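Next come the chains, spelled out residue by residue.
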Amino acid sequence: MSRAWCSALPGAVRLAVQIQPNAKKTEVIGVLDDALKLKLQAQPIEGKANDALVRYLAETLSVPRSAVTITHGQTNKRKLIEVKSSSLTVDEVARLLLPAT
C-alpha cells in the first residue's frame, strides 16, 4: 500500500495533510490524492486550526506538542508536518491515524 502522505526522515516522520476546518468534530477522513485528509473542529482564523491540528496529532501519536511542527503551508489547507520521534515509524503513524478499514 502506497503511503505517499507519510515518509520517514532521520529521527522524524513527515506527513502531508489536507485540512477541512469548521467541522463538527476533529477526525481523520482518509487519504485523498497523496495527503491525509482531516476535519478539524476549529476555525481557520488566528492560527486556531493550526493549533488544533498540532494538538490532535500530538495526542493521537503520543508525542509532546513541541515535537509536532508545521513546516510548510501555515496558511493553506495543504500542509507538511514534521513529527520528531525516534520511535515512530511510517507504519505506526498509518496505524494510529488511519481509520480502520
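Before any of the text, the structure's been laid out above.
Residues numbered from 1 in each chain as written. Predicted model: local features only at pLDDT ≥ 70, side-chain atom pairs only at ≥ 80, totals over all residues. Heavy atoms only, no water.

**Student:** What is the right way to read the side chain of Asn50 from this model?
**Tutor:** In this fold, Asn50 is placed in helix 1 (residues 48-61). Setting aside chain neighbours within four positions, we find Asn50 in contact with Ile70, Gln74 and Lys79. (Helix = DSSP H or I, 4+ residues; strand = E, 2+ residues; numbered from the N terminus. Contact = heavy atoms within 4.5 Å.)

**Student:** Explanation requested: the environment of Arg14 in the structure shown.
**Tutor:** Mapped onto the elements of the fold, Arg14 is located in strand 2 (residues 12-20). The exposure class assigned to Arg14 is partly exposed, which follows from its relative accessible area of 29%. Linking Arg14 and Asn50, residues 36 residues apart in sequence, is a C-alpha distance of 16 Å. Dropping the residues within four chain positions of it, Arg14 is found in contact with Trp5, Cys6, Ser7, Leu9, Leu80, Ile81 and Glu82. (Buried < 20%, exposed > 50% of the residue type's maximum accessible area, 1.4 Å probe, protein only.)

**Student:** Help me out: how do you make sense of the pattern of salt bridges in this one?
**Tutor:** Pairing is possible between side chains of opposite charge, provided their charged atoms come close. A full pass over the atoms with the stated rule returns 6 salt bridges. Its salt-bridge partner being Arg78, residue Asp34 comes within 3.2 Å of it at the nearest N-O pair. Of the two residues, Asp34 is situated in the loop between strand 3 (27-32) and strand 4 (35-39) and Arg78 in strand 6 (residues 78-84); the sequence distance between them amounts to 44 residues. Note on Asp34: relative accessible area 41%, which makes it partly exposed. Judged by its relative accessible area of 38%, Arg78 is partly exposed. Residues Arg95 and Glu92 are paired through a salt bridge, measuring 2.9 Å at the closest nitrogen-oxygen approach. In this pair, Arg95 and Glu92 are both assigned in helix 2 (residues 90-97), 3 residues apart and thus about one turn of the helix distant. The class of Glu92 is partly exposed, set by a relative accessible area of 30%. Salt bridges linked by common partners bring Arg14, Glu82 and Lys84 together as one network. (Salt bridge = Lys/Arg side-chain N within 4 Å of Asp/Glu carboxyl O.)

**Student:** What is the right way to look at the nonpolar core in this model?
**Tutor:** For soluble globular proteins, the rule of thumb is that nonpolar side chains tend to be buried together. Core analysis: the biggest nonpolar cluster contains 28 residues, and Leu15, Leu53, Ile81, Val93 and Leu97 have the highest contact counts within it. Contributions of two or more residues to this core are made by strand 2, strand 4, helix 1, strand 5 (68-72), strand 6 and helix 2. Looking at this core, the element that brings in the most residues is helix 1, giving 7 residues. Residues within four places of Val93 in sequence aside, it is in contact with Trp5, Cys6, Val13, Leu15, Leu61 and Leu88. (Core = buried A, V, L, I, M, F, W, Y, C linked by side-chain atoms within 4.5 Å.)

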